[in-house]
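# Notes for the structure review
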Amino acid sequence: MTREFEGKTEQEAIKMAIEELHIEREDFDVEVIDNGKRGLFKRENVKIRVHVDSTEEPEDYSFSDTADDTYEEEEEEETLEADEEFEASVCSFLEGVVSHMGYTCTAKVTSRKGRKVNVEIESESSNIIIGRKGKNLDALQVLANVYAGKTDNERKIIVDSEGYRVRHEEQVVRSAYRIAQQVRKTGRSRLLEPMNPYERRLVHTALNDVTGIETKSEGTGLFKQVRIISTREHR
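This section reports on the structure supplied with the text. (Residues numbered from 1 in each chain as written. Predicted model: local features only at pLDDT ≥ 70, side-chain atom pairs only at ≥ 80, totals over all residues. Heavy atoms only, no water.)

With that settled, consider the overall build of the chain. Regarding its fold elements, the chain presents six helices and nine strands. Evaluated residue by residue, the chain yields a buried proportion of 37% over its 235 residues. For the chain, the exposed area adds up to about 14400 Å²; of that, 46% sits on carbon and sulfur atoms. (Helix = DSSP H or I, 4+ residues; strand = E, 2+ residues; numbered from the N terminus. Buried < 20%, exposed > 50% of the residue type's maximum accessible area, 1.4 Å probe, protein only. Areas by Shrake-Rupley, 256 points an atom, 1.4 Å probe, with all protein chains shown as cover.)

Moving on to the nonpolar core. The biggest cluster of nonpolar side chains holds 20 residues, and the ones touching the most others in it are Leu 94, Val 119, Ile 121, Ile 129, Leu 140, Ile 157 and Val 159. Breaking this core down by element, the ones donating at least two residues are helix H2 (84-100), strand E5 (116-122), helix H3 (126-130), helix H4 (135-149) and strand E6 (156-160). Considering every element that reaches this core, the biggest residue donor is H2, with six residues. Once residues lying within four places of it in the same chain are set aside, the contact partners of Ile 129 are Val 98, Cys 105, Ile 121, Ser 123, Asn 136, Leu 137 and Leu 140. By size, the runner-up hydrophobic cluster in this structure holds 15 residues, among which are Tyr 177, Val 203, Ile 213 and Val 226. (Core = buried A, V, L, I, M, F, W, Y, C linked by side-chain atoms within 4.5 Å. Contact = heavy atoms within 4.5 Å.)

What follows concerns the sheet that holds E6. An order of E4-E5-E6 is seen for the three strands of this open sheet, with the pairing classed as mixed. For this open sheet the edge positions go to strand E4 (106-113) and E6, each flanked by a neighbour on one side alone. Looking at each pair of strands side by side, their axes are set apart by 25° on average, direction ignored. In this sheet, E5 lies alongside E4 in antiparallel orientation, the contact comprising seven bridges. From the neighbouring strand, Val 109 faces E5, where its bridge partner is Val 119. (Pairing = 2+ DSSP bridges. Axes fitted to C-alpha atoms, helices over the stretch in contact; angles between N-to-C directions.)

Applying the stated rule across the entire model yields seven salt bridges. For the salt bridge of Glu 122 with Lys 108, the shortest nitrogen-to-oxygen distance reads 3.2 Å. Of the two residues, Glu 122 is situated in strand E5 and Lys 108 in strand E4; the sequence distance between them amounts to 14 residues. Taken together, the shared-partner salt bridges connect Lys 216, Glu 218 and Arg 227 into one network. (Salt bridge = Lys/Arg side-chain N within 4 Å of Asp/Glu carboxyl O.)

Here it is in structure tokens:
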């Protein structure tokens with residue numbers, strides 16, 4: 001994927017790319033296509049082209065998982081019947097919260113699977129609603145589940161906007177594969193940034209069949225770090 005951005009400086013343009021695409025700096029390459037020219041009265045913006053490799057595939061990976069987070073394959077749950085009154089109430093609640101944030105949006109249920117009810121928030125201010133690394137979206141999801149739990153403890157609300165969660169999951173897995181390649185090449189372990197249980201599960205599962213690599217979680221509390229280890233370290 002290739003996108004162009006501009007700003008008063010190269011750093012400002014890069015910051016805009018990170019915020020709009022919701023990706024980390026190391027996940028894209030920058031090509032400066034216009035350094036900006038200083039005119040008589042003003043300076044033109046710097047223009048950059050951002051290259052995001054969304055086709056990166058791992059080499060012949062096969063995995064050996066030694067993670068201390070024990071993740072077993074979830075059994076397929078029977079999808080609960082739709083409760084339109086409950087779902088409408090949750091969507092209305094989310095719209096109200098966003099309204100109190102100073103923005104407008106429309107919340108609607110897009111799908112149901114097992115106990116999960118997926119709610120999409122559509123807004124012209126989606127970048128703010130999603131927030132840095134999805135923090136605002138996560139906060140809205142917590143609030144939605146607290147609210148939903150007062151009337152229905154069986155259903156879990158998943159809140160998304162502009163497909164952020166799918167893109168984020170793909171980014172987490174791509175980053176894990178890339179670092180696993182580095183670990184396998186250098187033989188030195190790497191510690192990933194703190195992740196919630198679901199994100200750690202993505203990493204453990206993704207690297208479960210990669211040859212010469214093991215993973216384990218370190219730390220305490222909800223947000224632990226995954227260490228990617230070369231099996232060469234144990235020889």
